[in-house]
Amino acid sequence: MSDTPFGFGLPPEEPDDGDEGKKKDQQSGGGQGPANPFGFGGLPGAGGFGGPGADNPFAAMFGSLNPSDLGAAFQQLGQMLSYEGGPVNWDMAKQIARQTVSQGTADGTKDTSVGRAERTAVEEAVRLADLWLDDATSLPSGAGSAVAWSRAEWVEATLPAWKELVDPVAERVGTAMGDVLPEEMQAMAGPLIGMMRSMGGAMFGTQIGQAVGVLAGEVVGSTDIGLPLGPAGKAALLPVNIETFGKDLGVPKEEVRLYLALREAAHQRLFAHVPWLRSHLFGAVDGYARGIKVDTAKLEDVVGQFDPQNPEQLQDALQQGMFQPEDTPEQKAALARLETALALVEGWVDAVVHAAAKPRLSSADALRETLRRRRASGGPAEQTFATLIGLELRPRRLRDASRLWASLTDARGVDGRDALWAHPDMLPTATDLDDPDGFVHREQIDFSELDKMLGEAAGGSTGKPDLKKDDESKDDDKGDGAE
């Protein structure tokens, strides 16, 4: 995956006729030159904007395309320029994501349909994982069903969540593209602005499609990046990616699948039984994204020199970095909120899965460390967020959060630890992750006060609150409500 945020470019489409198609493509100039947002470089016979005739890409295209390819090129160009939807052309994003998946991963692994045996194996792994998790957490099962997805199925199932995550950033860019011209000129430049917005939607669709398509070749489930990307209550694993993940680990395939099923099932429990968590996480992403400002001076310069026959000008400007986080207390707070929330989710899952797997799987420690290194070295979460919204997640927070949850388990037990998810205000902050022992001690006192407040508010009618673990004193003033 590209490390450059919004580095737009369409990967060439794989020829249907294998090596023969590649030879024909090379002979006719296809695939030469850099990728471009229109995608002509991926069509057989198209020289691309960096190939022959780059000074006049349309003339180069017309002179070499056969009639069927020419029709496809016009259709793609028409779709891009006629797009009038939201800030991202999601139809294009889906198309490019599916195309990226069909090309396979860098190691040569191709996507395959999931067979009956693999589906059964995933269902059994998730079922067993849920049984093991019953001893490690007080949260009940959150997976109403278990499914085995191909990479293409993962793309289809997660696009709605990507739309919710990415649209806020893209909206800011679309608004900026329309605001860079003086107001008195906007009426006259209406067609140009409309075309630029359509191009912007297509470029975002191209970049997001590439990012999601590449990510589909890496993830092993629906919750790899710490966010619930799939449908609620559906635990999903990708057998083809699990096979690749465990290939060189020296661990039996069944144990790898089961350990990853534990992680997926643990995520499902958390998101199913902490009703505010999904909106909290997505709201944090939205809050951070809305604090990003567009470098309008750079955009104005691009618009002033914009040549409709050279759309790579806009692409190059975006690649050079047009988005900057606002250096304000609000933006810093949004960033801390997002990083901390994701770290707490991942840290809780890490702690719970380790508790469930350690007594039962001989490979538990090795698999845990492998997944931690995967995240620390720039795994799917870090790369995807860096590409789509310019956000680098700090893996250090994940280990800090895991240590904090372990300390809470020792101090308060499983029920006391999981009770922290009752409300977002009860969760640790970024500062608390630096001093987990201090948080555990401080929250132990605060919980006692909270118990008294909850008891008074309820009139003692429901007995002791669930959060109360250490205070065994009786409320003599409200004996009529004791059970």
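These figures come from a predicted structure and were not determined experimentally.

(A) Molecular detail of the overall build of the protein. The helix and strand inventory of the protein stands at 19 helices and 4 strands. Per-residue burial over the protein gives 51% buried out of 483 residues. A fraction of 76% describes how many contacts in the protein between residues 6 or more apart in sequence connect residues 24 or more apart.

(B) View of the packing of helix α14 (residues 329-357) against helix α15 (residues 364-376). For the pair α14 and α15, interaxial distance at closest approach is 10 Å and the crossing angle is 165°. With respect to their mutual orientation, α14 and α15 come out roughly antiparallel. Here α14 runs over α15; the crossing is right-handed. Residue-level inspection shows Glu346, Asp350, Ala351, His354 and Ala357 of α14 in contact with α15, the latter providing Ala364, Asp365, Arg368, Arg372 and Arg375. When its residues are assigned to classes, the contact of α14 with α15 shows 3 nonpolar, 1 polar and 6 charged.

(C) Fine view of the nonpolar core. Membership of the largest hydrophobic core comes to 97 residues, with the highest contact counts inside it found for Trp154, Trp162, Leu277, Leu281, Trp348, Trp405 and Trp421. Broken down by element, this core gets its largest block of residues, 14 residues, from α14. Discounting chain neighbours no more than four positions away, the residues touching Trp348 are Thr137, Leu139, Ala266, Leu270, Trp405, Arg417, Asp418 and Trp421.

(D) Broad picture of the environment of Gly413. With respect to the element layout, Gly413 can be found in helix α17 (residues 395-418). Separated by 276 residues in the primary sequence, Gly413 and Thr137 place their C-alpha atoms 9.6 Å from one another.

(E) The arrangement of the environment of Leu398 in detail. Its location among the elements puts Leu398 in helix α17. On a C-alpha basis, the gap between Leu398 and Ala343 in space is 4.7 Å, while along the polypeptide they are 55 residues apart.

(F) Highlighting the packing of aromatic side chains. Taken as a whole and assessed by the stated rule, the structure comprises 3 aromatic pairs. With a centroid separation of 6.4 Å and an interplanar angle of 85°, the aromatic rings of Trp348 and Trp421 are classed as edge-to-face. Separated by 73 residues along the polypeptide, Trp348 in helix α14 and Trp421 in the loop between α17 and α18 (430-434) bring together distant segments of the chain. By the burial criterion, Trp348 is buried, and Trp421 matches it. Ring centres of Trp405 and Trp421 lie 5.3 Å apart, and the angle between their planes is 20°; on these two criteria the pair is classed as stacked. Within this pair, whereas Trp405 is found in helix α17, its partner Trp421 is found in the loop between α17 and α18, the two being separated by 16 residues in sequence. Comparing Trp405 with Trp421 shows no difference in burial state: the two are buried. Three or more aromatic residues joined by ring pairs make a cluster, and in this case those are Trp276, Trp348, Trp405 and Trp421. The side chain of Arg278 reaches across the aromatic face of Phe282, ending 4.1 Å from its centre.

(G) Helix α10 (residues 253-273), seen in detail. Compared with the 30 Å implied by 1.5 Å per residue over 21 residues, the 30 Å span of α10 between its first and last C-alpha is a close match. Counting buried positions along α10 gives 17 out of 21 residues, so the element sits mostly inside the fold.

(H) Layout of the pattern of salt bridges. All chains considered together, the criterion is met by 19 salt bridges. Here the salt bridges do not stand alone but share partners, grouping Arg397, Asp400, Arg403 and Asp434 into one network.

(I) Just the packing of α10 against α15, in detail. One way to put it is that α10 packs onto α15 with a least axis distance of 11 Å and a crossing angle of 60°. On the basis of their axis angle, the class for α10 and α15 is oblique. Crossing of α10 over α15 shows right-handed handedness. Every residue of α15 that contacts α10 at Glu255, Val256, Tyr259, Leu260 and Arg263 is listed here: Ala364, Leu367, Arg368 and Leu371. Among the residues making up the contact of α10 with α15, the classes are represented as 6 nonpolar, no polar and 3 charged.

(J) Focus on helix α5 (residues 116-133). Over its 18 residues, α5 runs 26 Å from end to end, which matches the ideal 26 Å to within 8%, given 1.5 Å per residue. All buried positions along α5 are accounted for by Ala121, Val122, Ala125, Val126, Ala129, Asp130, Trp132 and Leu133. Seen along its axis, α5 keeps its buried residues to an arc of 165°; they face one direction. Exposed and oriented more than 90 degrees from the buried face of α5 are Arg116, Ala117, Arg127 and Leu131.

(K) Summary view of the side chain of Ser150. With respect to the helices and strands, the residue Ser150 is situated in the loop between β1 (145-148) and α6 (151-179). Residue classification places Ser150 among the buried residues on the basis of a relative accessible area of 8%. Once residues lying within four places of it in the same chain are set aside, the contact partners of Ser150 are Asp111, Thr112, Val114 and Leu238.

(L) Summary view of the side chain of Ser222. Counting through the fold element by element, Ser222 comes out in the loop between α8 (190-216) and β2 (234-237). Residues within four places of Ser222 in sequence aside, it is in contact with Trp149, Trp154, Leu227, Pro228, Leu229, Gly230, Lys234, Ala236, Glu264 and Gln268.

Analysis parameters
Residues numbered from 1 in each chain as written. Predicted model: local features only at pLDDT ≥ 70, side-chain atom pairs only at ≥ 80, totals over all residues. Heavy atoms only, no water. Helix = DSSP H or I, 4+ residues; strand = E, 2+ residues; numbered from the N terminus. Buried < 20%, exposed > 50% of the residue type's maximum accessible area, 1.4 Å probe, protein only. Contact = heavy atoms within 4.5 Å. Axes fitted to C-alpha atoms, helices over the stretch in contact; angles between N-to-C directions. Parallel < 35°, antiparallel > 145°, perpendicular 65-115°, else oblique. Left-handed = near helix turned anticlockwise from the far one by under 90°. Nonpolar A, V, L, I, M, F, W, Y, C, P; charged D, E, K, R; others polar. Core = buried A, V, L, I, M, F, W, Y, C linked by side-chain atoms within 4.5 Å. Phe/Tyr/Trp six-rings, centres within 6.5 Å; stacked < 30°, edge-to-face > 60°. Lys NZ or Arg CZ within 6 Å of the ring centre and 35° of its normal. Expected span 1.5 Å × (residues − 1). Salt bridge = Lys/Arg side-chain N within 4 Å of Asp/Glu carboxyl O. Arc of directions from axis to C-beta.

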